[in-house]
Amino acid sequence: MSEVLKPDRKGIAAAARALRDGRLVVFPTETVYGVGANALDEVALKRIFAAKGRPADNPLILHVSDTAAARKLTSAWPEHAERLARAFWPGPLTLVLPRGPDVPLLATAGLESVALRVPSHGVARMLLATAGIPVAAPSANRSGRPSPTRVMDAVADLGDAVDIYLDGGQTDLGVESTVVALLDAEPTILRQGGLSREAIEAVVGPVRTGAHDDARSPGTRHKHYAPRAHVHVVNGPADVLVAKLRATGAPVAHVAGSERGLTGPDARSPGPSDDGAAWARALFSLLRDLDHQGYQDVVVEAIPETGIGAAVMDRLRRAAER
Ligand code: TXA
Ligand code: MG
């Protein structure tokens, strides 16, 4: 049986012990909840893939408490890594670097690179410091589903496959970390996320964007972020599509910026469309809640792709792919 614990001293001590014993722990980070295991224990790593139904070719992010610990898991530490780590760790940034010899190939899905992150959430930091081991932690959802931003979403997806759930309330950012590969001269954004491209470029200059099917980010190829409902993304007002779908008798949710002033029981708004941060915070829980409320279609009006809005639109487009 799994337990949901308060992340107080006792809860964190129990969770750290479970991790060292090779068991799975769900914990909050500033982005989304992760399901963690000892990154150096192959049996524990296999439990993560099994619990999530995750394809074995999708590598994991290793979480550590500071830059020195991250560096030990690499075989090269370029100048760009030093600059980005200084500027943004702890925080919502994952760096992909040449794999160090101690990192199991099971964690990197056979790749010679490793993804590393130092999270800033107080509970994650306490847990990592107490456990004293690198913790591999993908988002705590069943593979293909929206990432969990509340502990109950992780419990709904992973149930008793996990030993301990630490309940840290709603996560701050709501979308995952930005993944940046530092494997050649120019940094490449493999996944947009909680840290904006603009912020990264201010520190290291222009960065490339990896294609969705970039061989260096296998995870971005897989189906992602999808609720059970069909998601439709529309540029501009979506009233025509909403009316067309409703004409079939199906329940349709209409999600748009609050400035549109939509009313009625099927209208939802995470906030003004130029408030990307508010949309990021609300997005995944909104998609899960609309599923529970029985909607078959969810029509979303696009928001501007600046700052964290870029990550929101990336998630919405992938949720709409099927
Ligand atoms: O915010 C986050 O990053 C959350 C929290 C829990 O830290 N974690 C998370 O992990 O989103 P996950 O497994 O859902 O996504 C990891 C992403 C995937 O797109 C994966 O393909 C990519 O990181 N990745 C991991 N290792 C990689 C590597 N060696 N090369 C390229 N991409 C890698
Ligand atoms: Mg994920």
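Everything here concerns the structure above.
In this report, the structure presented in the accompanying data block is examined. Each chain has its residues counted from 1, running along the sequence as written. Here every chain gets a letter starting at A, and every ligand a number starting at 1, in the order they are written. Per-residue local features of the predicted model are confined to residues with pLDDT of at least 70, and side-chain atom pairs are confined, for both listing and counting, to 80 or more; whole-chain, interface and lining totals are unaffected and use all residues. Each side-chain value is worked out from all heavy atoms of the structure, with water and hydrogens disregarded.

Numbering of helices and strands runs from the N terminus; a helix is a DSSP stretch of H or I covering at least four residues, while a strand is a stretch of E covering at least two. Tracing the backbone shows Thr188 in strand S10 (residues 188-191). Each polar contact in these results corresponds to two N or O atoms within 3.5 Å; when the atoms are within protein, one needs to be able to donate a hydrogen and the other to accept it, and residues that are neighboring in sequence are counted only if both atoms are side-chain atoms. From its side chain, Thr188 meets the backbone oxygen of Glu186 in a polar contact 3.5 Å long.

With that settled, consider the sheet that holds strand S13 (residues 252-255). Spatial strand order, S12-S15-S13-S14: four strands in an open sheet with parallel pairing. At either margin of the open sheet sits one strand with a lone partner, and together these are strand S12 (230-234) and strand S14 (267-268). Where S13 and strand S15 (residues 297-301) come together, four bridges link them in parallel fashion. Each bridged residue has a counterpart across the sheet, and for Ala253 the counterpart in S15 is Val298. Where helix H9 (residues 276-292) meets the sheet, its contacts fall on S12, S13, S14 and S15, and the angle it forms with S13 comes to roughly 175°. Pairing between strands is defined by DSSP: at least two bridges between them are needed. Every residue pair with non-hydrogen atoms within 4.5 Å of one another is taken to be in contact. To obtain each axis, a line is fitted to C-alpha atoms, and for helices this fit is confined to the stretch in contact; angles are then taken between N-to-C directions over 0 to 180 degrees.

Let us now look at the pattern of salt bridges. Take a side-chain nitrogen of Lys or Arg and a carboxyl oxygen of Asp or Glu: if they are within 4 Å of each other, that pair is a salt bridge. By the definition in use, this model includes 20 salt bridges. Here Arg86 makes a salt bridge to Glu82, at a shortest N to O gap of 3.0 Å. One end of the pair is Arg86 and the other is Glu82, both in helix H4 (residues 79-88) and four residues apart, which spans about a single turn. Where Arg99 meets Glu112, a salt bridge forms, and the shortest distance between an N and an O atom there is 3.1 Å. With Arg99 in the loop between strand S5 (93-98) and strand S6 (113-117) and Glu112 in the loop between S5 and S6, the pair connects residues that are 13 residues apart, well separated along the chain. By sharing partners, the salt bridges in this structure join Arg145, Asp157, Arg288 and Asp291 into a single network.

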